[in-house]
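Structure assessment
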Amino acid sequence: NAGVTQTPKFRVLKTGQSMTLLCAQDMNHEYMYWYRQDPGMGLRLIHYSVGEGTTAKGEVPDGYNVSRLKKQNFLLGLESAAPSQTSVYFCASSQLLGGPNEQFFGPGTRLTVL
Amino acid sequence: AQSVTQLDSHVSVSEGTPVLLRCNYSSSYSPSLFWYVQHPNKGLQLLLKYTSAATLVKGINGFEAEFKKSETSFHLTKPSAHMSDAAEYFCVVSSSGAGSYQLTFGKGTKLSVIP
């Protein structure tokens, strides 16, 4: 049981390049999330999904797109990377069954945009 | 709407002394509250959660937190700090109303433990 995994762990991009971050979970969770973490800012929600085939915008969605074609995977795309997108990206998943929204986090992807 | 304020961005304690990390929240609905810990270059790990059962919540590694509705606080404590407690701690709120799958994070408190 790997929990939540993220690929890649590190990436360096040049301004204008594109890339996709992959998140996978093996807990059969319905809900998945992408966050970015910047120093002194805590975690901010980029996009989230409440089920296969559905996505929604979070607090800071501009410049990102997402897809949830399979329940276990949640992809985050950057179409044209900008230096402001240099950050650490975390994926999380949860299963709301009338209880609290305890989210399980992946190890993160450190992205640098030059 | 919900929000979280962590009152200290950095706390420094000596090994073996008590730890207090302060958190205030606001929420339109009955909240669920969490503390997560992040060790350097790692992901986030759940320390403990409050879900409207007992107001004093015990977590892993000797941490506990007390929910005080009248003060809208959820402070994290530990009687005796260990070197391995050095990390960043996040207070998090999730409301039980519409959109309850979304979490709101505080900006974090970095805990340093001096030998």
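For every chain, the first residue of the written sequence is number 1, and numbering continues from 1 onward in sequence order. Just so you know, chain letters begin at A and ligand numbers begin at 1, following the order they were written in. Per-residue local features are limited, in this predicted model, to residues with pLDDT of at least 70; the limit for side-chain atom pairs, both in listing and counting, is 80 or more; totals at the level of whole chains, interfaces and linings are taken over all residues. As a convention, hydrogens and water are excluded, and side-chain values are obtained from all of the structure's heavy atoms.

**Structural notes on the interface of chain A and chain B**
Quite often, the size of an interface is put as the accessible area lost when its parts meet. When checking whether two residues touch, look at their non-hydrogen atoms; a contact exists if any pair is within 4.5 Å. Facing the 21 residues of chain A at the interface are 20 residues of chain B. Reported buried area values correspond to the accessible surface (1.4 Å probe) lost by two parts on association, with both partners' losses combined. Roughly 1,600 Å² is buried in total at the junction of chain A and chain B, and carbon and sulfur atoms are behind 59% of that figure. Any carboxyl oxygen of Asp or Glu that lies within 4 Å of a side-chain nitrogen of Lys or Arg is treated as forming a salt bridge with it. Linking chain A with chain B are 1 salt bridge. Note that K49(B) and E102(A) form a salt bridge whose closest N and O atoms lie 2.7 Å from each other. In the analysis that follows, any N or O atom pair within 3.5 Å is treated as a polar contact, provided that within protein one partner can donate a hydrogen and the other can accept it, and provided that, for residues neighboring in sequence, both atoms belong to side chains. Inspection of the chain A/chain B interface yields 4 residue pairs in polar contact (both at pLDDT 80 or more). Each residue gets one label: Ala, Val, Leu, Ile, Met, Phe, Trp, Tyr, Cys and Pro are nonpolar, Asp, Glu, Lys and Arg are charged, and the others, such as Gly, are polar. Along the lines of polarity and charge, the residues of the side of chain A that touches chain B split into 13 nonpolar, 6 polar and 2 charged.

**Some words on the pairing of strand 11 (residues 109-113) of chain A**
Residue and element names in this part refer to chain A. Going residue by residue along strand 11, you find T109, L111 and V113 tucked away on one face and R110 and T112 left uncovered on the opposite face. Two strands pair under a simple rule: DSSP has to find at least two bridges between them. For helices the rule is a DSSP run of H or I covering at least 4 residues; for strands it is a run of E covering at least 2, with both sets numbered from the N terminus onward. Sheet analysis places strand 2 (residues 10-13) next to strand 11, joined by 4 bridges and oriented parallel. From the neighbouring strand, L13 faces strand 11, where its bridge partner is V113. The pairing of strand 9 (residues 87-94) with strand 11 spans 3 bridges and is antiparallel. Pairing of S87 across the sheet is with L111, part of strand 11. For each residue, the accessible area found with a 1.4 Å probe, counting protein chains only, is set against the maximum for its type, and the residue is called buried under 20%, exposed over 50%, and partly exposed in between.

**With respect to the environment of L111(A)**
Residue and element names in this part refer to chain A. Tracing the chain through its elements places L111 in strand 11. For L111, a relative accessible area of 1% gives the class buried. Note: C-alpha distance between L111 and R11 (100 residues apart in sequence) is 5.0 Å. Residue contacts for L111: discarding those within four places in its chain leaves R11, L13, M19, L78, Q85, T86, S87 and Y89.

**Concerning the packing of aromatic side chains**
For Phe, Tyr and Trp, rings pair up if their centres lie within 6.5 Å, where Trp contributes its six-membered ring, and each pair is then called stacked (planes under 30 degrees apart), edge-to-face (over 60) or tilted (otherwise). For the structure on display, the rule yields 13 aromatic pairs over all chains. A centroid spacing of 6.4 Å and a plane angle of 75° characterise the contact between F90(B) and F105(B), whose relative ring orientation is edge-to-face. Separated by 15 residues along the polypeptide, F90(B) in strand 10 (residues 87-95) and F105(B) in strand 11 (residues 104-105) bring together distant segments of the chain. An aromatic cluster of at least three residues, connected via ring pairs, comprises Y33(A), Y35(A), F105(A), F34(B), Y36(B), F90(B) and F105(B).

**Let's talk about the sheet that holds strand 7 (residues 65-67) of chain A**
Residues and elements named next belong to chain A. Read from one edge of the open sheet, 4 strands run 1-3-8-7, paired in antiparallel fashion. Two strands close off the open sheet at either side, each with one partner strand: strand 1 (4-7) and strand 7. Direction aside, neighbouring strands of the sheet carry axes that sit 20° apart on average. When strand 7 meets strand 8 (residues 73-78), the two strands line up antiparallel, connected through 3 bridges. Within the sheet, the bridge partner assigned to N65 lies in strand 8 and is G77. Note on method: axes are straight lines fitted to C-alpha atoms, helices fitted across the in-contact stretch only, with angles between N-to-C directions ranging 0 to 180 degrees.

**Re the state of the cysteines**
All names here are of chain B. Cysteine sulfur atoms are paired as a disulfide whenever they fall within 2.5 Å. Taken as a whole and assessed by the stated rule, the structure comprises 2 disulfides over all chains. A sulfur-sulfur separation of 2.0 Å characterises the disulfide bridge that pairs C23 with C91. The disulfide joining C23 to C91 has a torsion of about -65° about its S-S bond and is therefore left-handed. Placement of C23 in strand 4 (residues 23-27) and of C91 in strand 10 is noted, with a sequence separation of 68 residues between them. Judged by its relative accessible area of 0%, C23 falls in the buried class.

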